[in-house]
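Architecture and fold: a report
Single-letter residue listing:
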Amino acid sequence: MDTSCYTCRRRRIECEMTEPPCKKCQKAGLECFQKRPFRWVQGAAFRSKKKVSSVKDASVSVTKFNLDSTRRDGSTNAKSKANDDASLEYGEDTPGPRSLGVDNVLVNPDDPYASSLDKVSKYYLYYYSKCVCKLFVMYDSKRNPLRNLIPAALGDSILLTSIIALSARHMANGGQSFYELGTSTLPALSDAHHNALWFKYKAIQEISHALSDEKLDTHDIVMASAFLLIFLDLLESGSDKWNVHLEGVKTLITQIQPMGSGTGTEQGLGGTVEEMRNFIIRQIYLIDTLGATYTRPRLLSNTTSLQEPTTPLQMSLDKSYLGCPEFLLDALRSFSIFRDMLAGSHPLEEDSLQSYIENISIVLNLTQDFDCRAWASNLPQLDTHSTHDTNMLSTLAEAYKAGTLIYGRRVSDALVGEMTPLDNLVGELIAIIEVMRCDEALFKCILWPMFVAGLESQQQDQRDFVVSCLEKFWFETKCINVVNAANILRRFWKMGDTQQTLSSQWIFNIGQLGRDWLLI
């Protein structure tokens, strides 16, 4: 009989369970789960006979932290349910969220969330509004769609726990340095870290219960909650099943009913439901596109509903996450399709191969001709918009353009069996990144092209510069995926120095370096 707890089995360490919690989990400050916790799953039945499910794990990655609890510095069914032998309940026997000593925290009494919540939830919601919402939009404003979720969260525990989990994780990350996160030690964990884990599991549990209800009438709330779990993964690691949450949200998008002619608010959402749907669809399209470039080929499903002409993808500066031009996203999706075809199990026929080469050449030429300045000038302007902002937005587009050209060229090289020297283009991208360092708002938007630059950097000074930029990115965002990005690059550089062909094959290999990464 296996006496190991589930947490130790996931960590692949020895465990002799005498009584919960086991000594290993207690010493590490981790939740000691006796059974497998709740997950998103594939293949679950929906209003029909139960099918065999392929379980997708949504449990937290065990990450090494040394934290200060108060420092702020493929086709998937969206139904989520519990594994039959795995129950995770939060009751009298399970420790709840820990107090952060927030008795003296100043909260505006006029804020809508100031009166009805316990002190811990109130504080995390306040922290979310002040410190987290601004991370995931280009320019923060009163129209920030993430902040506009707060009114709905007050009346819905699913959304509230997702928000608090995101907030607690960011706070927990604040006490760690860029280089400490890669150490082999496992120091004591903070209350904020404990709360981040607790609220994350609670959010997954509540999403599971909601989606198991065949009469579900809160698709938008559940979709927004699951959407936040993707951002939570960026803060945790950038590799903890973000793709499973993404597939779940994509499926929910296909299930929601079109809005009628009315434009009123529903379910307490700040702004119309239609506006929130548009924001989420826009960001899911972006995450789906950029995410596919650093994963194993064909990991993500090809959801046609995200590509329909009616999909609202027009970008507003204060309602967009990264600001990559739509044209470049479309080009990247095309390149990824060609890459996935090359990675298939059957060799391409000569006629098909020649057609792909011609098509990718056309897309590369169109990408090369893309006018970043015109794109930036035609964006809807904010009240605070200036000529400087237009210049920097154009530079932002140039960073994504250079990264897209590099990615597309490497796919083209794989098709024709060549390796094109890209030293000049890589040098241009690094120069663009250097210009972007001075813009606090937009610098946090360029992790994807920054990582491309790192993958293609052959000179040590270029590599050192990319690592310094990643450290700055960490300082400003506290997203652990950027720490992992630096570690991946160091490993990639070490391997590439001994394998000359590796540098041009990263379009296939990055997703095989341990995990599938979301580096945005």
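For the structure, check the block above.
Report on the accompanying structure. (Residues numbered from 1 in each chain as written. Predicted model: local features only at pLDDT ≥ 70, side-chain atom pairs only at ≥ 80, totals over all residues. Heavy atoms only, no water.)

Details of the side chain of lysine 444
- Locating lysine 444 in the fold gives a position in the loop between α15 (440-443) and α16 (447-456).
- Buried and without a salt bridge, lysine 444 has aspartate 439 as its closest oppositely charged side chain, separated by 7.1 Å.
- In contact with lysine 444, not counting residues within four places along its chain, are Lys134, Leu135, Val137, Met138, Leu322, Phe473 and Thr477. (Helix = DSSP H or I, 4+ residues; strand = E, 2+ residues; numbered from the N terminus. Buried < 20%, exposed > 50% of the residue type's maximum accessible area, 1.4 Å probe, protein only. Lys, Arg positive; Asp, Glu negative; His and termini not counted. Salt bridge = Lys/Arg side-chain N within 4 Å of Asp/Glu carboxyl O. Contact = heavy atoms within 4.5 Å.)

Remarks on the pattern of salt bridges
- Inspection of the entire model under this criterion finds 14 salt bridges.
- In this structure, aspartate 288 and lysine 250 form a salt bridge, with 2.9 Å as the shortest nitrogen-oxygen distance. One end of the pair, aspartate 288, is in helix α9 (residues 273-291); the other, lysine 250, is in helix α8 (residues 242-255), and 38 residues separate them in sequence.
- Overall, lysine 250 belongs to the buried group, its relative accessible area being 1%.
- The salt bridge partner of aspartate 288 is arginine 333, with a shortest N-O separation of 3.0 Å. Of this pair, aspartate 288 sits in helix α9 while arginine 333 sits in helix α10 (residues 326-342), placing them 45 residues apart in sequence.
- We classify arginine 333 as buried; its relative accessible area is 11%.

Section: a nonpolar patch on the surface
- Residues Phe327, Ile362 and Leu366 make up a contiguous nonpolar surface patch of roughly 270 Å² in combined accessible area.
- With respect to the helices and strands, phenylalanine 327 occurs in helix α10. (Patch = residues over 30% accessible without salt bridge, like charges linked within 9 Å, V, L, I, M, F, W, Y side chains within 5 Å. Areas by Shrake-Rupley, 256 points an atom, 1.4 Å probe, with all protein chains shown as cover.)

Points about the packing of helix α3 (residues 119-132) against helix α5 (residues 157-173)
- Interhelical geometry of α3 versus α5 gives an angle of 70° and a closest axis separation of 9 Å. With respect to their mutual orientation, α3 and α5 come out roughly perpendicular. Along this stretch, α3 crosses α5, giving a crossing that reads as left-handed. Counted together, Ser121, Tyr123, Tyr124, Leu125, Tyr127, Tyr128, Cys131 and Val132 of α3 and Leu160, Ile163, Ile164, Leu166, Ser167, Ala168, His170 and Met171 of α5 form the full contact between these two elements.
- A per-class count over the contact of α3 with α5 returns 13 nonpolar, three polar and no charged. (Axes fitted to C-alpha atoms, helices over the stretch in contact; angles between N-to-C directions. Parallel < 35°, antiparallel > 145°, perpendicular 65-115°, else oblique. Left-handed = near helix turned anticlockwise from the far one by under 90°. Nonpolar A, V, L, I, M, F, W, Y, C, P; charged D, E, K, R; others polar.)

Focus on the packing of helix α7 (residues 219-236) against α9
- One way to put it is that α7 packs onto α9 with a least axis distance of 11 Å and a crossing angle of 35°. In this structure, α7 crosses over α9, and the sense of that crossing is left-handed. Contacts between α7 and α9 pair Asp220, Met223, Ala224, Phe227, Ile230 and Phe231 from the former with Val273, Arg277, Phe279, Ile280, Gln283, Ile284 and Ile287 from the latter.
- Residue composition of the contact of α7 with α9, grouped by class: 10 nonpolar, one polar and two charged.

A look at the packing of aromatic side chains
- All told, the structure shown has 16 aromatic pairs when counted by the stated rule.
- Their ring planes at 10° and their centres at 4.2 Å tell us that phenylalanine 136 and phenylalanine 231 sit as a pair that is stacked. Placement of phenylalanine 136 in the loop between α3 and α4 (150-154) and of phenylalanine 231 in helix α7 is noted, with a sequence separation of 95 residues between them. Of the two residues, phenylalanine 136 and phenylalanine 231, neither departs from the other in class, the shared state being buried.
- Each ring, one from phenylalanine 178 and one from tyrosine 179, has its centre 4.9 Å from the other, and the planes form 90°; the classification is edge-to-face.
- Judged by its relative accessible area of 48%, tyrosine 179 is partly exposed. (Phe/Tyr/Trp six-rings, centres within 6.5 Å; stacked < 30°, edge-to-face > 60°.)

Description of the environment of aspartate 240
- Secondary-structure assignment places aspartate 240 in the loop between α7 and α8.
- Owing to a relative accessible area of 5%, aspartate 240 belongs among the buried residues under this scheme.
- Each C-alpha atom, one on aspartate 240 and one on aspartate 516, is 8.6 Å from the other, the two residues being 276 residues apart in sequence.

Describing the side chain of serine 394
- Relative to the assigned elements, serine 394 resides in helix α13 (residues 387-416).
- Look at serine 394 and you get buried, because its relative accessible area is 10%.
- Setting aside anything within four residues of it in sequence, one finds serine 394 in contact with Cys372, Arg373 and Ala376.

Quick look at the nonpolar core
- Membership of the largest hydrophobic core comes to 147 residues, with the highest contact counts inside it found for Tyr128, Leu146, Phe231 and Trp506.
- Among the elements that make up this core, the one with the highest residue count is α7 (13 residues).
- Counting contributing residues, this core receives three or more from each of domain 2 (117-258 + 267-321) and domain 3 (336-519).
- Counting seven residues, the second-largest nonpolar core is a separate cluster that includes Cys5, Cys15, Met17 and Cys25. (Core = buried A, V, L, I, M, F, W, Y, C linked by side-chain atoms within 4.5 Å. Domains from an automatic or database assignment.)

A short note on helix α18 (residues 480-496)
- Its 17 residues place the ends of α18 24 Å apart at the C-alpha level, agreeing with the 24 Å of an ideal helix rising 1.5 Å per residue.
- Contacts from the buried residues of α18 go to α5, α7, α16, α17 (460-477) and α19 (506-509). (Expected span 1.5 Å × (residues − 1).)

A closer look at the environment of histidine 209
- Relative to the elements of secondary structure, histidine 209 occurs in helix α6 (residues 191-211).
- By relative accessible area, histidine 209 is classed as partly exposed at 43%.
- Residues histidine 209 and isoleucine 158, 51 residues apart in the sequence, show an inter-C-alpha distance of 9.7 Å.

Digging into the state of the cysteines
- Going through the model one piece at a time under the given rule, you end up with zero disulfides.
- Free of any disulfide, cysteine 131 has its nearest neighbouring cysteine sulfur in cysteine 133, separated by 9.5 Å. (Disulfide = S-S within 2.5 Å.)

A closer look at unusual backbone geometry
- Phi angles above zero are rare outside glycine, and lysine 478 is one such case at about 60°.
- With respect to the secondary-structure elements, lysine 478 resides in the loop between α17 and α18.

Brief notes about helix α11 (residues 350-368)
- If you check α11, its first and last C-alpha atoms are 27 Å apart, about what 19 residues at 1.5 Å a residue would give, namely 27 Å.
- Looking only at α11, the buried set comprises Leu353, Tyr356, Ile360, Val363, Leu364 and Thr367. Within α11, the buried residues cover an arc of 100° as seen down the axis, which keeps them to one side. Opposite its buried face, α11 presents the exposed residues Glu350 and Asp351, each directed more than 90 degrees away. (Arc of directions from axis to C-beta.)

So, to be careful, I would describe these as geometric facts and stop short of saying anything about function.
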